[in-house]
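Spelled out from the first residue to the last, the chains are:
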Amino acid sequence: MSDPLIQVDRIDKSYTALVPVLRQVSLKVYPGEFVALMGPSGSGKSTFMNVLGCLDTADGGAYHLGGEDTTRLTKDRAAELRNRMIGFVFQGFNLLQRRSALDNVALPMICGGLPRSVWAPRARDLLDQVGLKGRYGSRPNQLSGGQQQRVAIARALAMEPPLILADEPTGNLDSTSSADIMRIISGLNSIGGITIVLVTHEPDIAAHAKRLVKFKDGRIVYDGPVQQGLAA
Amino acid sequence: MSMKSGAILTEALISMRSTGMRSFLTMLGIIIGVGAVVLMLAIGRGVELSVQQSISSQGANLFIVLSGSTTSGGLRGGFGSAPTLTLDDARELAELPGVAAVAPINNGVAQTVNEGQNWSTQITGTTPDYFRIRNWKFASGEPFDDVAERSAAPVAVIGATVATNLFPEGEDPVGKTIRIRNIPFMIVGLLANQGQSLQGQDQDDVIIVPFQTAQRRLFGSAFPGSVRTMFVQAATADVMKSLEQQMREVLRDRHRLSEEADDDFSIRDLTAIAESVASATRAISLLLGSIAAISLLVGGIGIMNIMLVTVTERTREIGVRKAVGTRERDIMLQFLIEAVILSLGGGLIGVLIGGGLSILVGQAFELPTEVSVFSVTLAFTVAAAIGVFFGFYPARQAARLQPIEALRYQ
Ligand SMILES: Nc1ncnc2c1ncn2[C@@H]1O[C@H](COP(=O)(O)OP(=O)(O)OP(=O)(O)O)[C@@H](O)[C@H]1O
Ligand SMILES: [Mg+2]
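Residues numbered from 1 in each chain as written. Chains lettered and ligands numbered in written order. Predicted model: local features only at pLDDT ≥ 70, side-chain atom pairs only at ≥ 80, totals over all residues. Heavy atoms only, no water.

### Quick notes on the overall build of chain A
A count of helical and extended segments in chain A gives 8 helices and 10 strands. In summary, chain A has a C-alpha radius of gyration of 17 Å against a globular reference of 17 Å for 232 residues, a match within 12%. In terms of its C-alpha atoms, chain A occupies a principal-axis envelope of roughly 50 × 40 × 40 Å. Pairs at least 24 apart in sequence give 68% of the contacts found in chain A among residues at least 6 apart. For chain A, the computed accessible surface area is about 10000 Å², with 49% contributed by carbon and sulfur atoms. Positive and negative side-chain charges of chain A, numbering 26 and 22 respectively, have mean locations separated by a distance of 4 Å. (Helix = DSSP H or I, 4+ residues; strand = E, 2+ residues; numbered from the N terminus. Rg over C-alpha atoms; globule rule 2.2 N^0.38 Å. Contact = heavy atoms within 4.5 Å. Areas by Shrake-Rupley, 256 points an atom, 1.4 Å probe, with all protein chains shown as cover. Lys, Arg positive; Asp, Glu negative; His and termini not counted. Charge placed at Lys NZ, Arg CZ, Asp CG, Glu CD.)

Structure follows, in structure tokens:
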């Protein structure tokens, strides 16, 4: 087997001194995996995702992303890792409100220093891929929730990252839109070979994944095949 | 792998456009500040120039000696009411070491006529030295000479205002004849525009004739050889103080005034007056300038305020930008550029408005206002500096936001 893309070794995290949010969490995710994270509200899933995404750092333990130790990253290097290695899909879409779909998709490429001649056609391509052909100029407030989340997915794919982190990507969507989004995300994994870590509360969403990790009180209480885990 | 600078600029411009009205209002502070600085400097410069012009049209190192009050029957007239000075006084003063020239003057108001146009103006009778002392330039023709003076020739030099009132526009009056108190005078010279004197008189509304001509042909005199006023020019500025004392002694001596008697003349140092006016002018310019500078400062604080609001408002946007990998430096630059564009844009509009207003003010008040390269450069530099200075803190706030905090922000 190849080297793990994500390698977490006994990380701790607490916001206040008394209440630990993550306790001695360890996890390995290999390239091409599709992992669903589940667990009760407040069990530390989002906190864990933030650490995985280099948006936040753990208090103790070690986290290697693509072989690189992330515990002592400079801010610039962390920004670069987020830009190159990770695509984020958030529950609340997190699009720039006053900007077109195209601009939103282009954002990571502009940040990465790509010229317009590269990012403009690529952004259009990506919007086509998520089924938003012709909606390049639409602003988020002119799009439905499902469409906004598709823009967010296109943005996550912009820099062709090996890893996509999705924190409740269907949390704000109805079941039809959720199904559409999950079809796209599953395709990214099965066809594109992109590694995906996805947080959800819905068993049928988690069912798209190949592996299930369950959190409880900041600890991993299950790590194994999805069907078995969902049944438990 | 950082953002291209062109892309940062574009991002800054787009986000400013999306807050159009507010960006403009923020700029307004700088527009007013820069406009005020440019306008105030131009007005200050204009006032200084016009004072300088008055000073140079007045002549350098100049005393004016006014003939004083004689006591007649217990009534004292004002200075100049009864002539106590004489041509002999003038000659004696001219002999003093340190005196460059003396011009005796008698004047009065008279009606002048040219082909149906008539104009009442000040007639000054004086010697040819007068033109040299006062450093007056000629638009056309030349001053009358000593021969004309000695022979009491009916010749005249006229000022621009007189020319406009007696002659059709564009006509050169030199060589023409006008009538002063019905006596024909030939015009030998037309003075260039002098503008106002420091006392605010129109120095172009004047006709100058030889001293003897005025005395014998125009005004006559109960006391032949008496003089109302004398201009005395010192050779250098250094001797002014001692010369004033010497002139006083000579005149008191000649007028046989006893120890305790008051002067029957008065000596005024015009240069000293000019200097005090000039320094008052400088003080006013400085005051105007500082008020304008304060308004510029207030404009700068306005920028800082709006940028801080913008950072707070856009916290989530900053979070998104950070999540997709924008570096702190690039976020900082974007906000800094926004602040600098606001202030430079305001600076540009301010310079245009301030420049336009100074031209208008110059025309309305006949002031030689001047928008100098210096004041424009200053205004721009200060505006840019204000953008950087007051934009720096908000920009750093934006750059230092923690990505997760920013993303969580509602
Ligand atoms: N910035 C913060 N400051 C203090 N406490 C926090 C902060 N963020 C999260 N927590 C706490 O950490 C714990 C875990 O939060 P987290 O958001 O990771 O839970 P979660 O598993 O994602 O829950 P949910 O399913 O509701 O999204 C919670 O008790 C929460 O109150
Ligand atoms: Mg969560």
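### Quick notes on unusual backbone geometry
Negative phi characterises most residues that are not glycine, and trans characterises most peptide bonds. Residue and element names in this part refer to chain A. Non-glycine residue Glu160 carries a positive phi angle of around 50 degrees. Following the sequence through the fold, Glu160 ends up in the loop between helix 5 (145–157) and strand 7 (163–167). At Glu168, a residue that is not glycine, the phi angle is positive and equals roughly 45 degrees. Within the fold, Glu168 resides in the loop between strand 7 and helix 6 (175–190). With relative accessibility at 18%, the residue Glu168 sits in the buried group. (Buried < 20%, exposed > 50% of the residue type's maximum accessible area, 1.4 Å probe, protein only.)

### Section: the packing of aromatic side chains
Residue and element names in this part refer to chain B. Tallied over the entire structure, the rule returns 8 aromatic pairs over all chains. Look at Tyr130 and Trp136: their rings are 5.6 Å apart centre to centre, the planes differ by 85 degrees, and that puts the pair in the edge-to-face class. By the burial criterion, Tyr130 is buried, and Trp136 matches it. Relative to Phe390, the ring of Phe389 lies with its centre 5.0 Å away and its plane at 90 degrees, an arrangement referred to as edge-to-face. Residue class for Phe389 comes out exposed when judged on its relative accessible area of 60%. Using a relative accessible area of 9% as the deciding quantity, one classes Phe390 as buried. Of the aromatic side chains, those joined through ring pairs into one cluster are Tyr130, Phe131, Trp136, Phe138, Phe144 and Phe231. (Phe/Tyr/Trp six-rings, centres within 6.5 Å; stacked < 30°, edge-to-face > 60°.)

### Describing the domain arrangement of chain B
All names here are of chain B. Segmenting chain B into domains produces domain 1 (5–54 + 276–408) and domain 2 (83–263). Distance between the C-alpha centres of domain 1 and domain 2: 54 Å. If you look at the interface, domain 1 gives 4 residues, while domain 2 gives 4 residues. For the pair domain 1 and domain 2, the summed buried surface comes to about 310 Å²; carbon and sulfur atoms form 54% of the total. When the buried area of domain 1 at its contact with domain 2 is split by residue, Gln53, Ser54 and Val277 rank highest and sum to 92% of it. Here domain 1 and domain 2 share 0 salt bridges between them. For the interface between domain 1 and domain 2, the tally reads 0 residue pairs in polar contact (both at pLDDT 80 or more). In terms of residue count, helix 2 (residues 20–58) provides more of the side of domain 1 that touches domain 2 than any other element does, 3 residues in total. Grouping the amino acids of the side of domain 1 that touches domain 2 by side-chain chemistry returns 2 nonpolar, 2 polar and no charged. (Domains from an automatic or database assignment. Buried area = accessible area lost by both parts, 1.4 Å probe. Salt bridge = Lys/Arg side-chain N within 4 Å of Asp/Glu carboxyl O. Polar contact = N/O pair within 3.5 Å; in protein donor to acceptor, adjacent residues only side chain to side chain. Nonpolar A, V, L, I, M, F, W, Y, C, P; charged D, E, K, R; others polar.)

### Details of the site of ligand 1
Close contacts around ligand 1 come from 13 residues, with Ser41, Gly42, Lys45, Ser46 and Thr47 of chain A the closest. Near ligand 1, residues from chains A and B are present, making the site a shared one. At a separation of 3.0 Å, an oxygen atom of ligand 1 approaches a polar backbone atom of Gly44 of chain A. Here an oxygen atom of ligand 1 sits 2.8 Å away from a polar atom, N or O, in the side chain of Lys45 of chain A. Here ligand 1 loses 63% of its free accessible area of 630 Å² to cover by the protein chains. Of the residues forming the shell around ligand 1, the biggest block, 3 residues, is contributed by helix 1 (residues 45–52) of chain A. Tallied by class, the residues present in the shell around ligand 1 amount to 3 nonpolar, 7 polar and 3 charged. (Near = heavy atom within 4 Å.)

### A short note on the packing of helix 9 (residues 270–313) of chain B against helix 11 (residues 328–364) of chain B
Think of two packed helices as two axes; the pair is described by the angle between the axes and how far apart they sit. Residues and elements named next belong to chain B. At a minimum axis separation of 11 Å, helix 9 and helix 11 run at an interaxial angle of 145 degrees. When you trace helix 9 past helix 11, the crossing you get is right-handed. Contacts between helix 9 and helix 11 involve Ile303, Ile306, Met307, Thr310 and Val311 on the former and, on the latter, Phe335, Glu338, Ala339, Leu342 and Ser343. (Axes fitted to C-alpha atoms, helices over the stretch in contact; angles between N-to-C directions. Left-handed = near helix turned anticlockwise from the far one by under 90°.)

### Description of helix 5 of chain A
With 13 residues, helix 5 of chain A ought to run about 18 Å at 1.5 Å a step, and its terminal C-alpha atoms sit 19 Å apart, in line with that. Within helix 5 of chain A, 12 of the 13 residues are buried, which leaves it mostly tucked inside the rest of the structure. Of all the residues in helix 5 of chain A, the buried ones are Gly146, Gln147, Gln148, Gln149, Arg150, Val151, Ala152, Ile153, Ala154, Arg155, Ala156 and Leu157 of chain A. Elements that come into contact with the buried residues of helix 5 of chain A comprise strand 6 (86–89), helix 3 (101–111), helix 4 (116–129), strand 7 and helix 6 of chain A together with helix 10 (315–323) of chain B. (Expected span 1.5 Å × (residues − 1).)

### What to know about the nonpolar core
Core analysis: the biggest nonpolar cluster contains 85 residues, and Ile6, Phe48, Leu52, Leu65, Leu127, Ile153 and Val197 of chain A have the highest contact counts within it. Broken down by element, this core gets its largest block of residues, 8 residues, from helix 3 of chain A. Setting aside its immediate chain neighbours within four residues, Leu52 of chain A contacts Ile6, Val8, Tyr63, Ile86, Leu165 and Val197 of chain A. Within the second largest apolar cluster, 29 residues are counted, among which are Met16, Met27, Ile303 and Met307 of chain B. (Core = buried A, V, L, I, M, F, W, Y, C linked by side-chain atoms within 4.5 Å.)

### Re the pairing of strand 11 (residues 206–210) of chain B
Residue and element names in this part refer to chain B. Summarising burial for strand 11: 5 of the 5 residues are buried, a large majority. Two strands pair when backbone bridges link them, and strand 6 (residues 117–126) and strand 11 are joined in this way by 5 bridges, in the parallel orientation. Bridging from a neighbouring strand, Gln122 pairs with Val206 of strand 11. Sheet analysis places strand 8 (residues 155–158) next to strand 11, joined by 2 bridges and oriented antiparallel. Within strand 11, the residue paired with Val157 across the bridge is Ile208. (Pairing = 2+ DSSP bridges.)

### What to know about the environment of Ala90 of chain B
Residue and element names in this part refer to chain B. Among the structural elements, Ala90 can be located in helix 3 (residues 87–95). Through-space distance from the C-alpha of Ala90 to that of Thr19 is 76 Å; in sequence the pair is 71 residues apart. In this structure Ala90 touches Val102, Pro104 and Met230, once residues within four positions along its chain are discounted.

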